[in-house]
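# Commentary on secondary and tertiary structure
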Amino acid sequence: AQTIHQWPVAEIKAVGSPLSLGCTIKGKSSPNLYWYWQATGGTLQQLFYSITVGQVESVVQLNLSASRPKDDQFILSTEKLLLSHSGFYLCAWVRDRDEQYFGPGTRLTVL
Amino acid sequence: SQWGEENLQALSIQEGEDVTMNCSYKTYTTVVQWYRQKSGKGPAQLILIRSNEREKRSGRLRATLDTSSQSSSLSITGTLATDTAVYFCALRTNSAGNKLTFGIGTRVLVRP
C-alpha cells in the first residue's frame, strides 16, 4: 500500500528565516507529486508539481521553491519567510490520471 | 484565474438530515472531484464524476454533473456527526501537470 508522509507536522518560524518542508511517498514508483498551500479557513492553491526526479513546474509564485531530489521525495523551501507564508502545506500524489491523494499536511506559523 | 465556486459556504444541520451542496464553475473541465477535509487533516477524495456521467453514487453520497449549466452537486443522505467537515469541489482543468482547481468550500456542521 502506498503511504505519504510529511515533515515536520508543525513549524513556528520567524519572518526572514529559512524554511524546508518535506514529503515522501512510499510504495509508488515515479509518482506525480504536488504541493498545495491553504490559508486558515481558505481553499487549496496548487503551488508546484513534479512528474519526475529533477523536474519541477511552478503553478503559483509565492516566493517559494520546490525540488525533487529523489523519486519518492518532494521538498518545499524558501530562504526568507514572509508573514503571508503562514498556513497549511499539503503534499499530494496522483494514484491514476485524476485521483489525487493528500498527505497529513504541515502547519506553518510565521511570526 | 478560473475557480470552481460553491454557492453555499456554511451549513448547520441535524444528524439524520440530508444535505446538498452545489458547485458552479466557469471553465471547461472533463472531471469534477469532491473532497472532504476534516479539521487539521488533508483533504480526502470522496467521489469523482466525469463529463460523460450525469450522476454517480458511493454509499450515502451522490454527485451530479450538468455540463450544460456547468454545475455539480454533492448530496449526503442520512448525515452523521462524523460528516462534519469542509467539502470542496475541484476541477481538473486542461493545463499541464494535471492541475486541480479547488472551490472555496462548504463548511458542514452536523449536530448530534
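Anything mentioned here points back to the structure above.
For the structure given in this document, a descriptive report is provided here. (Residues numbered from 1 in each chain as written. Chains lettered and ligands numbered in written order. Predicted model: local features only at pLDDT ≥ 70, side-chain atom pairs only at ≥ 80, totals over all residues. Heavy atoms only, no water.)

In a beta sheet, neighbouring strands are held together by backbone hydrogen bonds and run either parallel or antiparallel to one another. All names here are of chain A. Judged by pairing direction, the sheet is antiparallel, and its four strands sit side by side in the order β1-β3-β8-β7 without closing on themselves. In this open sheet, the two edge strands, each paired with only one partner strand, are β1 (3-7) and β7 (65-70). Neighbour-to-neighbour, the strand axes of the sheet open up by a mean angle of 20°, direction not taken into account. Here four bridges tie β7 to strand β8 (residues 73-78), and the two strands are oriented antiparallel to one another. The partner of Ala66 across the bridge, within β8, is Leu76. (Pairing = 2+ DSSP bridges. Helix = DSSP H or I, 4+ residues; strand = E, 2+ residues; numbered from the N terminus. Axes fitted to C-alpha atoms, helices over the stretch in contact; angles between N-to-C directions.)

Before going further, it helps to examine the packing of aromatic side chains. Evaluation of the coordinates by the stated rule reveals nine aromatic pairs over all chains. Ring centres of A:Phe102 and B:Tyr35 lie 5.7 Å apart, and the angle between their planes is 90°; on these two criteria the pair is classed as edge-to-face. Residue A:Phe102 is found in strand β10 (residues 100-102), and its partner B:Tyr35 is found in strand β4 (residues 31-37); the two belong to separate chains. Summarising the aromatic geometry, the rings of A:Phe102 and B:Phe102 are spaced 6.1 Å apart at their centres and angled 75° between planes, so their arrangement reads as edge-to-face. With A:Phe102 in strand β10 and B:Phe102 in strand β10 (residues 100-102), this pair bridges two chains. Across this residue pair, the class does not change: A:Phe102 and B:Phe102 are buried. Aromatic ring contacts, followed pair by pair, group A:Tyr36, A:Phe102, B:Tyr35, B:Phe88 and B:Phe102 into a single cluster. The side chain of A:Arg107 reaches across the aromatic face of A:Phe88, ending 4.4 Å from its centre. (Phe/Tyr/Trp six-rings, centres within 6.5 Å; stacked < 30°, edge-to-face > 60°. Buried < 20%, exposed > 50% of the residue type's maximum accessible area, 1.4 Å probe, protein only. Lys NZ or Arg CZ within 6 Å of the ring centre and 35° of its normal.)

All names here are of chain A. Under the defined criterion, the tally for this structure stands at two disulfides over all chains. Here Cys23 is linked by a disulfide to Cys91, with a sulfur-sulfur distance of 1.9 Å. Handedness of the Cys23-Cys91 disulfide follows from its S-S torsion of about -70°: it is left-handed. Highlighted residues: Cys23 in strand β3 (residues 19-26) and Cys91 in strand β9 (residues 87-94), separated in sequence by 68 residues. Residue class for Cys23 comes out buried when judged on its relative accessible area of 0%. (Disulfide = S-S within 2.5 Å.)

All names here are of chain A. Within the fold, Gln73 resides in strand β8. Since its relative accessible area comes to 18%, Gln73 is described here as buried. Apart from residues no more than four positions distant in its own chain, Gln73 is found in contact with Trp7, Cys23, Thr24, Leu33, Ser67 and Arg68. (Contact = heavy atoms within 4.5 Å.)

Residues and elements named next belong to chain B. When strand β6 (residues 55-58) meets strand β7 (residues 61-66), the two strands line up antiparallel, connected through four bridges. Its bridge partner lying in β7, Ser58 is registered against Leu61. Here β6 folds back onto β7, and the loop between the two strands holds two residues, one of which, Gly59, carries a positive phi near 60°.

If you look at the interface, chain B gives 23 residues, while chain A gives 22 residues. Summing the contributions of chain B and of chain A, the shared interface buries around 1,700 Å²; its carbon and sulfur component is 49%. Summed over the shared surface of chain B and chain A, the result is zero salt bridges. At the junction of chain B and chain A, the tally comes to three residue pairs in polar contact (both at pLDDT 80 or more). Counting residues per element, the ones that place at least two in the side of chain B that touches chain A are β4, β5 (44-50), β9 (85-92) and β10 of chain B. Class assignment for the residues of the side of chain B that touches chain A results in 10 nonpolar, eight polar and five charged. (Buried area = accessible area lost by both parts, 1.4 Å probe. Salt bridge = Lys/Arg side-chain N within 4 Å of Asp/Glu carboxyl O. Polar contact = N/O pair within 3.5 Å; in protein donor to acceptor, adjacent residues only side chain to side chain. Nonpolar A, V, L, I, M, F, W, Y, C, P; charged D, E, K, R; others polar.)

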